[in-house]
Amino acid sequence: MSKIDIIIGTTLGSAEYVADEIASKLLELGHEIQLHLTPNRTELTPESLWFLVSSTHGAGDLPDNIQPFFDEIEKNKPDLSHQKFILCAIGDSSYDTFCHGPIKLSTLLEQCSAKAYVDKIEIDIQRDPIPEKAAISWLNQWCDRL
């Protein structure tokens, strides 16, 4: 089965809850999972799939716990051509900056040649007040590809 590093960006905990549900589902399917609340690129398994689960903070920013991860990649511009990632973005569509933080991170990864493994999900807490349900429904649509 696959090695998956779940990289979490959270301010109030909702992204962490979503990540925990995703991790449970992936473990149930036999995958090897590592959760990262303070992600550091050097601690990630080189051959793993990066599963980004992040909310947006403030005016379209990333949560404080994942910002250093973004900053390190932005500063060093590593070659990530070997890296695949998945994005689960969580936001509130009543703001103009809906899901901007996590999308900035995925854009940066693509600029470093990382490849999206599946189409991202943007969970709107206005429509899906329990974001874990939306995330698991999305995951169930494609998890057999892992």
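See above for the structure.
Computed from a predicted structure; not experimentally measured.

Definitions and cut-offs
- Residues numbered from 1 in each chain as written.
- Predicted model: local features only at pLDDT ≥ 70, side-chain atom pairs only at ≥ 80, totals over all residues.
- Heavy atoms only, no water.
- Core = buried A, V, L, I, M, F, W, Y, C linked by side-chain atoms within 4.5 Å.
- Buried < 20%, exposed > 50% of the residue type's maximum accessible area, 1.4 Å probe, protein only.
- Helix = DSSP H or I, 4+ residues; strand = E, 2+ residues; numbered from the N terminus.
- Contact = heavy atoms within 4.5 Å.
- Polar contact = N/O pair within 3.5 Å; in protein donor to acceptor, adjacent residues only side chain to side chain.
- Expected span 1.5 Å × (residues − 1).

> Explanation requested: the nonpolar core in the structure shown.
Side chains that are nonpolar tend, in soluble globular proteins, to be buried together. Within the largest apolar cluster, 26 residues are counted, with the highest numbers of intra-cluster contacts made by Ile6, Ile22, Phe51, Val53 and Cys88. At the level of elements, β1 (3-9), α1 (14-28), β3 (49-55), β4 (84-91), β6 (121-124) and α4 (131-142) are the ones that each hand at least two residues to this core. Setting aside residues no more than four positions away along its own chain, Ile22 makes contact with Ile6, Phe51, Val53, Cys88, Ala135, Ile136 and Leu139. Of all hydrophobic cores here, the second largest spans 19 residues; its members include Ile7, Phe70, Phe85 and Cys99.

> Teacher, can you tell me more about the side chain of Gln83 here?
Within the fold, Gln83 resides in the loop between α2 (67-76) and β4. Judged by its relative accessible area of 2%, Gln83 is buried. A distance of 3.5 Å separates the side chain of Gln83 from the side chain of Trp50, its partner in a polar contact.

> Help me out: how do you make sense of the environment of Met1 in this one?
Within the secondary structure layout, Met1 lies in the segment before β1. Taking the C-alpha atoms as reference points, Met1 and Glu32, 31 residues apart in sequence, are found 7.1 Å from one another. Those residues within four positions of Met1 in sequence are excluded, and the remaining contacts are Leu29, Gly30 and His31.

> I'm lost on the side chain of Asp5 in this one. Help?
With respect to the helices and strands, the residue Asp5 is situated in strand β1. At 2.8 Å, the side chain of Asp5 forms a polar contact with the side chain of His36. At 2.5 Å, the side chain of Asp5 and the side chain of Ser48 are in polar contact. Ignoring sequence-local partners within four residues, the contact set of Asp5 consists of Gln34, His36, Leu44, Thr45, Ser48, Leu49, Trp50 and Phe51.

> Explain α4 to me, please; I cannot follow it from the model alone.
Because the α-helix completes a turn every 3.6 residues, residues three or four places apart line up on one side. Here α4 is 12 residues long and its end C-alpha atoms lie 18 Å apart, about the 16 Å a rise of 1.5 Å per residue gives. Residues of α4 that are buried in the fold lie against α1, β3, β4 and β6.

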